[in-house]
Amino acid sequence: MDKVFTIMKVDPNQYYYMDMLTDVRGAVLKNQPSNVGLLLTMHCAIPGSADLMDVTSTTDVLRMFELYQRIKDIHVFLRASDMYIGNDVMFDEMYALSDDDYEWRVGTDNGSDGACEMVASDLDGEEKESNDGLSDYQSNDDFDLISNSDSEDEGVDINRFMCGKEFEVQDGRKVSLEVGMLFGNVTEFREALRDYVIQEGFEIVRDKNEKTRFEHTCVRGTKNTNATSTWIAKKLAKWLRANPDMKIDGIRSEIRETYGIEPSNMQLYRARVKARDEIEGNHEKSYDKLLVYAEMVRQTNSGSLVKIQYDRTNLSVNPTFKRFFICFQAMKSGFLEGCRPFIGLDGCHLKGPYGGVLLAAIALDGNNGLFPVAFAIVEGETKESWSFFLYYLHSIIGTNTDRMPLCFMTDRQKGVVEAINKIVPEATHRVCGRHLYNNFKKKFPGLNLRNHFWVAARAYNSRVFNFAMDKMKRDKKDAYEWLIEKPLHSWSRHAFDPRVRSDHVTNNMTESFNQWVGDLRGKPILTLVDSLRVKLMGRIHCRYDKACAWESLVTPKIRQKLNVIRQDSRMCIVVFAGGEEYEVTEGVSRFVVNLHAKSCACRAWEISGLPCKHAAACIARKRANLEEYCDEYYSKATYLRAYGGIIHPISDESMWPVGNHEVVEPPPIRRLPGRPKKNRRRELDEPTPGSQSRRSSTIRCCICKQFGHNKRTCQRGPVKGKPSSNAGHQGERPHV
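The structure presented is a predicted model; accordingly, all values stated were derived computationally and were not measured. (Residues numbered from 1 in each chain as written. Predicted model: local features only at pLDDT ≥ 70, side-chain atom pairs only at ≥ 80, totals over all residues. Heavy atoms only, no water.)

Novice: Describe the nonpolar core, with residues and values.
Specialist: Counting 81 residues, the largest nonpolar core has Phe 325, Phe 335, Leu 345, Phe 371, Phe 389, Leu 393 and Phe 408 as its most contacted members. Sequence-distant contacts of Phe 325, defined by excluding residues within four places in its chain, comprise Leu 305, Val 306, Lys 307, Ala 374, Phe 375, Ala 376, Phe 388, Phe 389, Tyr 392, Leu 393 and Ile 396. Among the nonpolar cores identified, the runner-up in size contains 29 residues, and Val 554, Ala 604, Ala 617 and Tyr 634 belong to it. (Core = buried A, V, L, I, M, F, W, Y, C linked by side-chain atoms within 4.5 Å. Buried < 20%, exposed > 50% of the residue type's maximum accessible area, 1.4 Å probe, protein only. Contact = heavy atoms within 4.5 Å.)

Spelled out as structure tokens, the structure:
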């Protein structure tokens, strides 16, 4: 026994094990720093015996007070074992107090106030075992030992039982380490140490790296190998959650400013991939979760159609994902009850490692807004994949009837025309005018021919159409013959089915949808599908709420169109013939209008469903409301029916039931040579976003006399000593 310390005025009625350990440690080790590296064990001398009793709980403390009831001084021995050997650190798991560590009470037989003195000593030599004795006590099994309350009167503050400061780091602040700091486990310590050495700019040599100890040596160096892509990914995940569109340069500057290191481009690329996997999910694993997701959609959104097609060579291998189709009940009922039977079909390539194409069927609501009906993820744009998509789409929207005369518009993608003719032969088919003109322009460039093409495509009646085609025939007979061979009902308004009530000559609505989902095209398939559901869910609710506040009979965009039509009708002269018939003169042309039949000789009213300027002049003479003569598809009531459904929410993936299906493998990776392109390839005359449109879409090279490029980009520039040959390159001189 080397040293003796005295602890005065100890109340046995309110003295617990942790109180005793704190007092003894404070008395014996008051000149030593508070450090969890010391293993402290207490022992009590048994009166009248040479044995020692271990004091490891409040039960032992109560038994100790019972043994020393008639003795003023209690002899306690403290053993402090070193847990540090050089830089060798031993970690113990943190624990919570058991019920025998709390609320013990001891009575005194001598009637005193229970105060006594306790003598604490350093203990050398071997510990001697003693027989444990149990005291009578009242159990507190139902008492909350560790309270979450902020009140000091409730529960027990667990922090007072700890011998060091608990490690904690806040976002945006530097990592700080202190002697005696507590960590939840060795993994947490390793992560904190890595952050610290990267922050301070030095290396560590791991002499021992085990679960219970970590030995290291600090070394200064010019490079920091601890800043791996995995470490960067953990930091990057926090930043990407706040700013999903963060670029590589922004990531590099953020790491440089925060940690003072300069990672390579490859490290940043790998870190971004890992961080996105943590945030959005893994691309490969998401295919296996689609079957469970499909069941969740069917349970939460009754009536929805979800189909998954697999590819399997034999039963000995796992199935491989091939195609996926989904249509929510709210979108199905909304299309059938509130949209025109006009659907645009298109596909956009996905940017993930497994590629694929997102096929979509887009309709238009009464406000000319996009109304996605269904979408699918397939391997590519082929006849088989389009047939898969149209088969299930046709099962939703039904067969062609007078009430629902289906009409599809496409860009004539590979296989789509054949699939439409096979699956939905009764539907009419339109071709996007912009894509048709691009093919026309390659063979027949020129400003005049372009004007003739668009006048013919937008003509509501055969008179204007024939006038434009005759002028094209005079200017370029080959162009006329090439265009007149195309079915007129597929590209010119005057031949459109009037029951469809749509005068669209381009497929821009599908292009708008592709842009709307552009930020989702690089995400894992499960994240892509569910993110589309969330976007549609919010879109339906928002549009329905806005429509409830409309005061007009028609939608806002249609009302704006009617205002323009009303202004144009002021130049028309109306003669009332009787009944509902009128004769309207505009310039040198005369048109017959029948308000009862909702028809005009210009045919714009019949094809679009909106009164033309000639009809508007007659309605104004009648002093009637122009909105009452619009087709029902444009009314507020129809619009509300379109968005009256609900796409019901789905719980988090962690709450889904565990699937018992076979593991679904992702499709094979198809990688094209070169760096993957992120942006859509644009046409020659298509301006980039944000730039000014070109003055003329037709340019001509002065070297080869070809259209579509200038002399700077000419691939057939003159060779030295040889004259340039213009043979075979005769073309029309453009009119600028």
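Novice: How would you explain the side chain of Ser 304 if you had to name every residue and give the values?
Specialist: Structurally, the position occupied by Ser 304 is in the loop between helix H8 (290-300) and strand S8 (305-311). A residue is classified by how much of its surface remains accessible, and Ser 304, at 10% relative accessible area, is buried. Only 2.9 Å separates the side chain of Ser 304 from the backbone oxygen of Asn 301, close enough to count as a polar contact. Of the polar contacts made by the side chain of Ser 304, one reaches the backbone nitrogen of Gln 329; its length is 3.0 Å. Once residues within four sequence positions are removed from consideration, Ser 304 is found in contact with Val 297, Cys 327, Phe 328 and Gln 329. (Helix = DSSP H or I, 4+ residues; strand = E, 2+ residues; numbered from the N terminus. Polar contact = N/O pair within 3.5 Å; in protein donor to acceptor, adjacent residues only side chain to side chain.)

Novice: Tell me about helix H5 (residues 248-259), residues and numbers included.
Specialist: For H5, spanning 12 residues, the distance from its first C-alpha to its last is 16 Å, which sits close to the expected 16 Å at 1.5 Å a residue. Inspection of H5 places Ile 251, Arg 252, Ile 255 and Tyr 259 among the buried residues, and these make up the whole buried set. Buried residues along H5 cover an arc of 100 degrees about the axis, so they all sit on one side. Pointing more than 90 degrees away from the buried face of H5 are the exposed residues Asp 249 and Glu 257. (Expected span 1.5 Å × (residues − 1). Arc of directions from axis to C-beta.)

Novice: Outline helix H10 (residues 383-397), listing residues and values.
Specialist: End to end, H10 covers 21 Å across 15 residues, agreeing with the expected 21 Å (1.5 Å per residue, within 8%). The buried fraction of H10 amounts to 11 of the 15 residues, a majority that puts the element mostly inside the structure. Those residues of H10 that fall on the buried side of the exposure criterion are Ser 385, Trp 386, Ser 387, Phe 388, Phe 389, Leu 390, Tyr 392, Leu 393, His 394, Ile 396 and Ile 397.

Novice: Could you give me a rundown of the sheet that holds strand S11 (residues 357-364), with the residues and numbers involved?
Specialist: Sheet strands associate in pairs through backbone hydrogen bonding, adopting either a parallel or an antiparallel arrangement. Taken in spatial order, the seven strands make up an open sheet running S8-S9-S12-S11-S10-S13-S14, and their pairing is mixed. Taken across any chain shown, the strands that pair with only one partner, and hence form the sheet edges, are S8 and strand S14 (428-431). Pairwise comparison of adjacent strand axes, ignoring direction, gives a mean angle of 20 degrees for this sheet. Two strands pair when backbone bridges link them, and strand S10 (residues 342-349) and S11 are joined in this way by six bridges, in the antiparallel orientation. Bridge pairing links Asp 346 to Ala 360 in S11. Running at roughly 130 degrees to strand S12 (residues 370-378), helix H9 (residues 329-338) makes contact with strand S9 (320-327), S10, S11 and S12 of the sheet. (Pairing = 2+ DSSP bridges. Axes fitted to C-alpha atoms, helices over the stretch in contact; angles between N-to-C directions.)

Novice: Break down the state of the cysteines for me, with residues and values.
Specialist: Scanning all chains against the criterion turns up zero disulfides. Of all cysteine sulfurs, the one in Cys 701 lies closest to Cys 714, which takes part in no disulfide; the gap is 3.7 Å. (Disulfide = S-S within 2.5 Å.)

Novice: Describe in detail the packing of aromatic side chains, supporting the description with residues and values.
Specialist: Per the counting criterion, the structure on display carries 25 aromatic pairs. Here Phe 388 and Tyr 392 contribute two aromatic rings whose centre-to-centre distance is 5.3 Å and whose plane-to-plane angle is 75 degrees, an arrangement assigned as edge-to-face. With Phe 388 and Tyr 392 both in helix H10 and four residues apart, the pair spans about one turn of that helix. You'll find Phe 388 and Tyr 392 in the same group, each marked buried. Taking the centre distance of 5.1 Å and the plane angle of 90 degrees together, the rings of Phe 453 and Trp 454 count as edge-to-face. Looking at Phe 453, the relative accessible area reads 0%, which means it is buried. On the accessibility criterion, Trp 454 (16% relative accessible area) is buried. Members of the aromatic cluster, connected to one another through ring pairs, are Tyr 437, Phe 440, Phe 444, Phe 453, Trp 454, Phe 465, Trp 482 and Trp 491. Positioned above the aromatic ring of Phe 496, the side-chain terminus of Arg 430 is 3.7 Å from the ring centre. (Phe/Tyr/Trp six-rings, centres within 6.5 Å; stacked < 30°, edge-to-face > 60°. Lys NZ or Arg CZ within 6 Å of the ring centre and 35° of its normal.)

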